[in-house]
Amino acid sequence: KDKFLIPGLWDMHVHLYYKQYLPLFVAFGVTGVQDMGSDFSKVSAWRDEIEKGNAIGPHILTSGPPVDGGSSADPKLPLLVARTADQARVAFDQLYKMNVDFIKVLSRLPRDAYFALAEQARHWDLRMVGHIPSNVTAQEAVEARQRSLEHMFGITKSVSSEEEAVRFFERCTLTGTRVSPTLVLWLRMSHIDDTKLMSDPRLGIVPASIRDTWPDVSDDPTSLKVQVWRIYRLVALAKRAKTEILAGTDTGDPYVAPGASLQDELEQLVEAGLTPRDALEAATLAPARFFEAEKEMGAIEKGKLADMVLLDANPLDDIRNVREVQAVFTHGRYYARKDLD
């Protein structure tokens, strides 16, 4: 009575580097995550523990190691390196045998390798998502049927006017290509307000052993501050063209509070021009459609997965009300406010 029930939220762009993060997602109403690259063996084991009821955490879909054109500089992010079309096909076979949920590509992947990987993904009906490689245009990525475009990387250099952007997003809508702008990532990269970022009390939920590895953040006025405005404008144009938007945060990065950052992302999507309902759908119904799992999730209906969040206020009135979490239902359990605390 006098509460508001919403489907469990999905963060559609995280990196599961730390097991300690898993219950924190649930504490903020995030009952599902899409892991965009991490240690596959570790994440698979964590997922098994959660699904068996031996640990608290969100549902997990994972890409395993992303495919890139060079080796990894981050030991937490193993990569498969593909510099040629043949190497890309070998990488695809490796991922397919690992039984990953989808394939993630990164920016350094060469053209020939990218298109060979995309061809295999289409043939075997395995989603390919990620960055647009630096030598591939956004239009080519859509025609190659990349299923989601992350961070808006590559779109800004491929469309030079609002008219071109609208035509591009109309094509995305027609092909079913989604966009995950990760606006909170852009705010971090552009150093919009480092003082606010570093003093965020919610970062205290991250274990000190992890916080101690984060680099110092200093105010760094760069052209990215101007770029951020354009990214927000592209989000508005994408929505006008009815391109489906997915909410993601790049959790795993320094200065990101797991779960809480998704609430920030929904607020920023509204800042970019979405309605509160649009923003809420970006973390609920849109992921369900993306996974072709509308019969199981994305809405509160009899027979669907009972991942739900109970709120003290209506998020359709103000998207910031997604912060007013009273309880969470997931994996057959009910977590009251005291449990979440």
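Small disclaimer: the values here were computed from a predicted structure and weren't measured.

Now for the packing of helix H7 (residues 162-175) against helix H11 (residues 224-240). Packed helix pairs are specified by the crossing angle of their axes together with the interaxial distance, meaning the distance between the axes. Remark: H7 packs on H11, axes separated minimally by 8 Å, with the N-to-C direction vectors making an angle of 50°. With respect to H11, the axis of H7 lies oblique. H7 and H11 meet at a crossing whose hand is right-handed. Each of Glu-162, Ala-165, Val-166 and Phe-169 in H7 lies in contact with H11, whose residues at this interface are Arg-233, Leu-234, Leu-237, Ala-238 and Arg-240. Each residue belonging to the contact of H7 with H11 can be placed in one class, and the counts come to six nonpolar, no polar and three charged.

What follows covers helix H3 (residues 85-98). Here H3 contains 14 residues, and its C-alpha end-to-end distance of 20 Å stays within 8% of the 20 Å for a straight helix at 1.5 Å per residue. By the burial criterion, the buried members of H3 are Ala-85, Ala-88, Ala-91, Phe-92 and Leu-95. Considered in projection along H3, the buried side chains sweep an arc of 110° and stay on one side of the axis. Exposed positions of H3 whose direction lies more than 90 degrees from the buried face are Asp-86 and Lys-97. The secondary structure elements touched by the buried residues of H3 are strand E5 (67-68), strand E6 (80-81), strand E7 (103-105) and helix H4 (111-123). Asn-99, located one to two residues past H3, shows a positive phi value of around 65°.

What follows deals with the sheet that holds strand E13 (residues 333-336). Pairing within the open sheet is antiparallel, and its four strands lie in the order E1-E11-E12-E13. In this open sheet, the two edge strands, each paired with only one partner strand, are strand E1 (4-7) and E13. This sheet shows a mean twist of 20° between the axes of neighbouring strands, independent of strand direction. Strand direction decides the pairing type here: strand E11 (residues 308-311) and strand E12 (residues 325-330), joined by four bridges, are antiparallel. In the sheet register, Met-308 faces E12, and the bridge partner there is Phe-329.

What counts, and at which threshold
- Residues numbered from 1 in each chain as written.
- Predicted model: local features only at pLDDT ≥ 70, side-chain atom pairs only at ≥ 80, totals over all residues.
- Heavy atoms only, no water.
- Axes fitted to C-alpha atoms, helices over the stretch in contact; angles between N-to-C directions.
- Helix = DSSP H or I, 4+ residues; strand = E, 2+ residues; numbered from the N terminus.
- Parallel < 35°, antiparallel > 145°, perpendicular 65-115°, else oblique.
- Left-handed = near helix turned anticlockwise from the far one by under 90°.
- Contact = heavy atoms within 4.5 Å.
- Nonpolar A, V, L, I, M, F, W, Y, C, P; charged D, E, K, R; others polar.
- Expected span 1.5 Å × (residues − 1).
- Buried < 20%, exposed > 50% of the residue type's maximum accessible area, 1.4 Å probe, protein only.
- Arc of directions from axis to C-beta.
- Pairing = 2+ DSSP bridges.

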